[in-house]
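Observations on the three-dimensional arrangement
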Amino acid sequence: MSKLFSKLKIRGIEFPNRLVLSPLCMYSAKDGIANDWHFSHLSTFARAKVGCIFAEATAIREDGRITPYCLGLWNENQKNAFKPIVNFIKKMGSIPAFQLAHAGRKASAKQPWKGGLPLDREDEKIGIHKWDTIGPSPIALADGWQVPKALNKQEIDDLVLSYIKSAKLAIEAGFQVLEIHAAHGYLLHSFLSPIANKRNDEYGGSLEGRAKMLKEIAISIRNNIPDKVPLFCRISAVDGKKNGWGINDSISLAKILSEVGIDVIDCSSGGIAGRPRFAANDDGSVLKNNTDRGLGFQVPYAHEIKKYSKIKTMAVGVIVDPNQAENILIDEKADLIAMGRELMYNPFWLLHAAQTLGVDPNYNLWPDQYRWGVNRRSSIEKFNNVK
Ligand SMILES: Cc1cc2nc3c(=O)[nH]c(=O)nc-3n(C[C@H](O)[C@H](O)[C@H](O)COP(=O)(O)O)c2cc1C
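Notes on the structure follow. Note that the structure is a prediction, hence the values are computed from the model and not measured.

**Focus on the overall build of the protein chain**
Helices and strands together make up the secondary structure of the protein chain, namely 14 helices and 12 strands. Each principal axis of the C-alpha distribution contributes one length, and for the protein chain these read about 65 × 50 × 45 Å. Expressed as a percentage of the 387 residues in the protein chain, the buried residues total 59%.

As structure tokens, this is what we get:
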């Protein structure tokens, strides 16, 4: 029996298998509204039977978008645009999942294929205007980035309300899993990390202080969504920087979050001072200066957090091989496997993995529309060697 293909029930939702499409920004929306690209992109993975499919990081309010082309969910138009996507994912038997995001001091940027740096005069020329960014403290991400406005207490309270509103809209759109994005240097991660958070009020200082806003958001969302809905939180398990956030902080945070209704910690890393480029040491200890992001480089974080915080974890990061994924689950290093780039490269990865692992010799996992044809594909395999 394959673990990758086993079901998992969290609260009221049954995941049909352990594979999750990691959230992948497409930077292709106008006014935060999903369009045919998003439908086509996400429905591919539903046809490919990925168990749970995350839409990209979606801003809870306008200033929370990374770029002007990111998805948002703060109004009815945006909600309605998600519905056909969500319905199709469900129709294929997968679980639609939603990532609530605010880009914080990394907002107001260009698309990655245009360099990913802050919006500037070039963008002004084509009518794209930069906007003011926010953060815990007035510290820019890096040279050339805006100095964010430090949020005051009233603004933090307002932000919590925006998270609640967006979470409710996501539920109304039909999403069955929600995730709070607190990783990759975006707003909530910037509050967690001592590198970006130099506050001396109740939202800074100790780990409890730096985690206070995330905790308040988690409590508020949990209180405003149905009990049956699993709530994930994506964190950067380590900053990979001197005096930054480390794995022991993540273990403490996971304990705090599990007590307020977070069900799964989605274990990513890095991003606090630019792009995430960090790896774990082989023994899972806090990394030193390792910039090599090798196979499963973040799995040790999922493992440590699961082991010491007694919470479910999702592993992500260069997981590419069926046996690798299977072993992560068998060894109880994580409960779910998220994949991003490899699924973009090979969307039908899971169905191919089923062949590799010998769990689906007759293509029963495939959609009806494909199965009968794929079943007869063996008759053309002899031509595969023709050059
Ligand atoms: C094109 C692209 C877009 C991404 N967008 C998001 C996002 O919206 N939210 C997020 O938390 N991570 C995002 N990530 C990170 C991925 O979800 C994932 O954690 C990362 O790519 C590592 O997994 P992989 O090695 O399987 O790709 C993105 C990564 C890529 C390559």
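**Here's the deal with the packing of helix H8 (residues 247-259) against helix H9 (residues 299-309)**
Contact geometry for H8 and H9: axes closest at 9 Å, N-to-C directions at 50 degrees. As the angle between them shows, H8 and H9 are arranged oblique. By crossing handedness, the relation of H8 to H9 is classed as right-handed. Of H9, the residues touching H8 (which contributes Ile-247, Ser-250, Ile-251, Ala-254 and Lys-255) are Tyr-301, Glu-304, Ile-305, Tyr-308 and Ser-309. The residue makeup of the contact of H8 with H9, split by class, is six nonpolar, two polar and two charged.

**Observations regarding the environment of Val-50**
With respect to the helices and strands, Val-50 occurs in the loop between helix H1 (36-47) and strand S4 (52-59). Considering only alpha carbons, one finds Val-50 and Ala-107, 57 residues apart in sequence, at a separation of 30 Å. Beyond its immediate sequence surroundings of up to four residues, Val-50 is in contact with Asn-17, Leu-19, Val-20, Leu-21, Phe-45, Ser-94, Leu-343 and Leu-350.

**Observations concerning helix H4 (residues 153-173)**
For H4, with 21 residues, the first-to-last C-alpha span of 30 Å sits near the 30 Å given by 1.5 Å per residue. Buried within H4 we find Ile-156, Leu-159, Val-160, Ser-162, Tyr-163, Ile-164, Ser-166, Ala-167, Leu-169, Ala-170 and Ala-173. At the N-terminal end of H4, a side-chain oxygen is found 3.1 Å from the backbone nitrogen of Gln-154, two or three residues along, and the residue is Asn-152. Following H4 by one or two positions, Gly-174 has its phi on the positive side, about 110 degrees.

**What about the sheet that holds strand S8 (residues 177-182)?**
Pairing in this closed barrel of eight strands is parallel, and the strands run S3-S4-S5-S8-S9-S10-S11-S12 around the ring. Each neighbouring strand pair of the sheet contributes to a mean axis angle of 25 degrees, computed without reference to strand direction. Of the strand pairs in this sheet, S8 and strand S9 (residues 231-236) are connected by five bridges, and their pairing is parallel. If you follow Ile-180 over to S9, its bridge partner there is Cys-233. Docked against the sheet, H9 engages S9, strand S10 (264-268) and strand S11 (312-316), running at close to 175 degrees with respect to S11.

**With respect to helix H12 (residues 349-356)**
Along H12, the residues classified as buried are Trp-349, Leu-350, Leu-351, Ala-353 and Ala-354. In this structure, the buried side of H12 is in contact with strand S3 (19-21), H1, helix H10 (322-330), strand S12 (336-339) and helix H11 (341-345).

**Structural notes on the packing of helix H2 (residues 76-91) against H4**
Contact geometry of H2 with H4 gives a least axis separation of 8 Å together with a crossing angle of 40 degrees. When the axes of H2 and H4 are compared, the pair comes out oblique. Judged by the sense of rotation from one axis to the other, the crossing of H2 with H4 is right-handed. Here Glu-76, Lys-79, Phe-82, Lys-83 and Val-86 of H2 come into contact with H4, specifically with Leu-169, Glu-172 and Ala-173. Grouping the amino acids of the contact of H2 with H4 by side-chain chemistry returns four nonpolar, no polar and four charged.

**Let's talk about the site of the ligand**
Contacts to the ligand come from 16 residues, most closely from Ser-22, Pro-23, Cys-25, Val-318 and Arg-341. Take Cys-25: an N or O atom from its main chain is 2.8 Å from a nitrogen atom of the ligand. At 2.7 Å from an oxygen atom of the ligand is found a main-chain nitrogen or oxygen belonging to Val-318. Protein contact buries 82% of the 600 Å² of open area that the ligand shows by itself. Of the residues that constitute the shell around the ligand, the class distribution is seven nonpolar, six polar and three charged.

**Some points on the state of the cysteines**
Evaluated as defined, the whole model comprises zero disulfides. Unpaired in terms of disulfides, Cys-52 finds its nearest cysteine sulfur in Cys-233, a separation of 15 Å. With no disulfide of its own, Cys-70 lies closest to Cys-25 among cysteine sulfurs, the gap being 4.9 Å.

**Some points on the nonpolar core**
Counting residues in hydrophobic clusters, the biggest one holds 90 residues, and the most contacted among them are Leu-178, Ile-180, Ile-221, Ile-265 and Ile-305. With nine residues, the top contributor of residues to this core is H4. Once you skip the residues sitting within four places of it in the chain, Ile-305 turns out to touch Ile-235, Ala-237, Ile-247, Ser-250, Ile-251, Ala-254, Ile-265, Cys-267, Lys-310, Ile-311 and Thr-313.

Calculation criteria
Residues numbered from 1 in each chain as written. Predicted model: local features only at pLDDT ≥ 70, side-chain atom pairs only at ≥ 80, totals over all residues. Heavy atoms only, no water. Helix = DSSP H or I, 4+ residues; strand = E, 2+ residues; numbered from the N terminus. Buried < 20%, exposed > 50% of the residue type's maximum accessible area, 1.4 Å probe, protein only. Axes fitted to C-alpha atoms, helices over the stretch in contact; angles between N-to-C directions. Parallel < 35°, antiparallel > 145°, perpendicular 65-115°, else oblique. Left-handed = near helix turned anticlockwise from the far one by under 90°. Contact = heavy atoms within 4.5 Å. Nonpolar A, V, L, I, M, F, W, Y, C, P; charged D, E, K, R; others polar. Expected span 1.5 Å × (residues − 1). Polar contact = N/O pair within 3.5 Å; in protein donor to acceptor, adjacent residues only side chain to side chain. Pairing = 2+ DSSP bridges. Near = heavy atom within 4 Å. Areas by Shrake-Rupley, 256 points an atom, 1.4 Å probe, with all protein chains shown as cover. Disulfide = S-S within 2.5 Å. Core = buried A, V, L, I, M, F, W, Y, C linked by side-chain atoms within 4.5 Å.

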